[in-house]
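This is what each chain is made of:
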Amino acid sequence: MITTAPVEVEAPKNYINAEYGLKSWLLTQDHKRIAVLYLISITFFFLIGGIFATLIRLELATPAADLVESNTYNKLFTMHGIIMIFLFLVPSIPATLGNFLIPLMIGAKDLAFPRINLLSWYIYILGGIMTLYVMVTGGVDTGWTFYTPLSSTYSNGYVIATACAIFVAGFSSILTGLNFVVTIHRMRAPGMTWFRLPLFVWAHYATSLLQILGTPVLAVTLLLLGLERGLHIGIFDPALGGDPVLFQHLFWFYSHPAVYIMILPAMGVISEVISTFCRRAPMGYTFIAFSSVAIAVFGFLVWGHHLFVSSQSVYAGMVFSVLSYLVAIPSAIKVFNWTATMYKGSVLLSTPMLYALGFIGLFTIGGLTGLFLAAMGMDVHLTDTYFVVAHFHYIMVGGAILGYLAGLHFWWPKITGRMYSEAWSRISAVIVFVGFNLTFFPQFVLGYLGMPRRYHVYPPEFQIYNVLSSAGASVLGIGLLLPFVYLAFSLKYGALAGSNPWGATGLEWQTDSPPTTENFAITPVVTAEAYDYAAGQGAKTVVVA
Amino acid sequence: MSDHIVPVRVYWSVFITLLVMTVVTTSIAYIDLGPFNLLVAMTIAVFKATLVVLFFMHIKYSTNLTKAIVISGFVFLLVMVFFTMCDLLTRNITAPGR
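Residues numbered from 1 in each chain as written. Chains lettered and ligands numbered in written order. Predicted model: local features only at pLDDT ≥ 70, side-chain atom pairs only at ≥ 80, totals over all residues.

Looking at the confidence of the model for chain B
Residues and elements named next belong to chain B.
And step 1. Of the residues in chain B, 93% have a pLDDT of 70 or more, and the chain-wide mean is 89.
And step 2. Here helix α3 (residues 64–90) stands out as the element of chain B with the lowest mean pLDDT, 90, in contrast to helix α1 (residues 8–28), whose mean of 95 is the highest.
And step 3. Here the predicted complex scores 0.92 on pTM and 0.82 on ipTM. (pLDDT = per-residue confidence, 0-100. Helix = DSSP H or I, 4+ residues; strand = E, 2+ residues; numbered from the N terminus.)

If you want it as structure tokens, here you go:
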């Protein structure tokens, strides 16, 4: 009898199993591994920010101060804002999906500066640790906006330590943007012309410009704040010869474009998802591409609409109001083009598409209510009310987070090589949509009726809307926790994805799932336009030696 | 990255010029020039910054694309200053008839 030893079939090498051990991850220069490091880190901070949100909504379920006292409440909403904006939303899509996908989408082996890419993650972690230090040692109570003179003179919180944390984390954002700009300019595969770039790449290009040009201004502003608070150098305090409105100018010069840093990458995701699940090229590719750049440029010219009631000149206010209306045009171009893409397309309601549809609806509401706030007369009534809170959550949660979830579900098979439960993920998407609207729509009404933001004690007649909002937050929380379960489950038990489970175009779908460390076995040469669904396949590649 | 090799004496010249201009800045701070205080200080600072950008950052020898990126940074700085001054300089103007 002849016996043969069992033949061990070795799993094909990819970026995950290329090397093992903690060191191989912590010292990696592979953009895909760094993206995964970012994914884990921002998820951690999302959970921390979520805990603060839970405490806020619990406190607001009743009109009295039942759970926390005023000072603690001030710290809760401040830490919620700081963590969610600087440590989750700003890096969310660019640092994870952008990092993972941009080289794949343009046919490159890595980003232009792999070491700087890893450095950006370490800087982000340093900023995150500093924020956690502030959190556990006493927190800060100024709101994420750090308005003077509260932050410079009166606050008893850890203002300078928090400013340092954000200062540091900002450099991570700058380095990511720098890496993307150079990569997109210099490392495109042969044949990958600017107008064959996926719209996701265009959106990230525009975002990178904002990160590079805007973030240093925030760093300088926080430095000036630290100088005034620590060394009493008169910059914002009138008693020392300063101007408190100057702080708001400088702060919003970054922080308004920061909204576009959060939303533009999400728009890039939505363009990819809608095109894939409608089986056709996006309507008006060039318009969508240039509208990203237009949003980035206009986004820098509108910051004064945050200052309408701050003693800013009425005439400057008029200019900022008109310019703010102008941003609606490129935003509307995108929304109309997405809906036109769906018209008569073969729409497939997979999970990423459900999130994309949610994005369109919620972003539209968020954008249109922004026009209310850009109108100077209306804004006087609505400033610092829950209307503003609802508005920016429709943009940041309804827009940016739904875009992030759409992207995460869309590219999860590429990142992990596994499929997740379609049934559970659809249920989760619907729960998120319902929970989100139940949480934030009542806040529009609350704000219109006059409930100010950042107060935890309120008149009893507002309780019904706050109870609705808190109930919605618990539904939203369940919807956001479900992906942790089924995505984690898919890592071990999910079906193998194959290289192109959605039948999408684009170079990232023409390599293995998960991709190898080098991304492509051979350098791809692009010979077709982007989104060439009519030809039955995507960007064609030919072998080069 | 530019391949241009800059002679060491250029770096020394720029360095010494920067030191001299720092001394000038400090000295002028002791002289009250009235409304020109800010103008003079800013002019010297801009001159020094330009030297650093052109020579120490090699922009003088870089491609036009790199130059365009650098210039765009300054354009955005001007945008920030322009709109902030729009506020500051018109704050005390009241509407006609009020």
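Brief notes about the interface of chain B and chain A
And step 1. Taken together, the contact between chain B and chain A spans eleven residues of the former and twelve residues of the latter.
And step 2. Its residues assigned to classes, the side of chain B that touches chain A comprises six nonpolar, three polar and two charged. (Contact = placed C-beta atoms within 7 Å. Nonpolar A, V, L, I, M, F, W, Y, C, P; charged D, E, K, R; others polar.)

Quick notes on the packing of helix α11 (residues 351–374) of chain A against helix α13 (residues 386–416) of chain A
For any two helices packed against each other, one specifies the inter-axial angle together with the distance between the axes.
All names here are of chain A.
And step 1. Between α11 and α13, the least distance of the axes is 8 Å, while the angle of their chain directions is 160°. Between α11 and α13, the crossing angle belongs to the class labelled roughly antiparallel. Note that α11 runs across α13; the crossing there is left-handed.
And step 2. Broken down by class, the residue content of the contact of α11 with α13 amounts to 15 nonpolar, ten polar and no charged. (Axes fitted to C-alpha atoms, helices over the stretch in contact; angles between N-to-C directions. Parallel < 35°, antiparallel > 145°, perpendicular 65-115°, else oblique. Left-handed = near helix turned anticlockwise from the far one by under 90°.)

Digging into helix α10 (residues 314–342) of chain A
In an α-helix there are 3.6 residues to a turn, and that puts residues three or four apart on one side.
Residues and elements named next belong to chain A.
And step 1. Taking 1.5 Å per residue, 29 residues should reach 42 Å; α10 reaches 43 Å between its end C-alpha atoms and fits that length.
And step 2. Where α10 bends most, at Ser331, the angle is about 25°.
And step 3. Backbone geometry just downstream of α10 places Lys344 in the positive-phi region, at approximately 65°. (Expected span 1.5 Å × (residues − 1). Bend = angle between axes of the 7 residues up to and from the residue.)

A word on unusual backbone geometry
And step 1. Residue Pro149 of chain A is bonded to the preceding Thr148 of chain A through a cis peptide linkage, with omega at 5°.
And step 2. By the secondary structure assignment, Pro149 of chain A is in the loop between α4 (114–137) and α5 (150–154).
And step 3. Put simply, Ser513 of chain A and Pro514 of chain A share a cis peptide bond, and its omega is -10°.
And step 4. Mapped onto the secondary structure, Pro514 of chain A falls in the segment after α15 (463–493).
And step 5. In this model, Asn519 of chain A sits at a positive phi of 75°, which is unusual for a non-glycine residue.
And step 6. In this fold, Asn519 of chain A is placed in the segment after α15.
And step 7. For His58 of chain B, which is not a glycine, the phi torsion comes out positive at approximately 65°.

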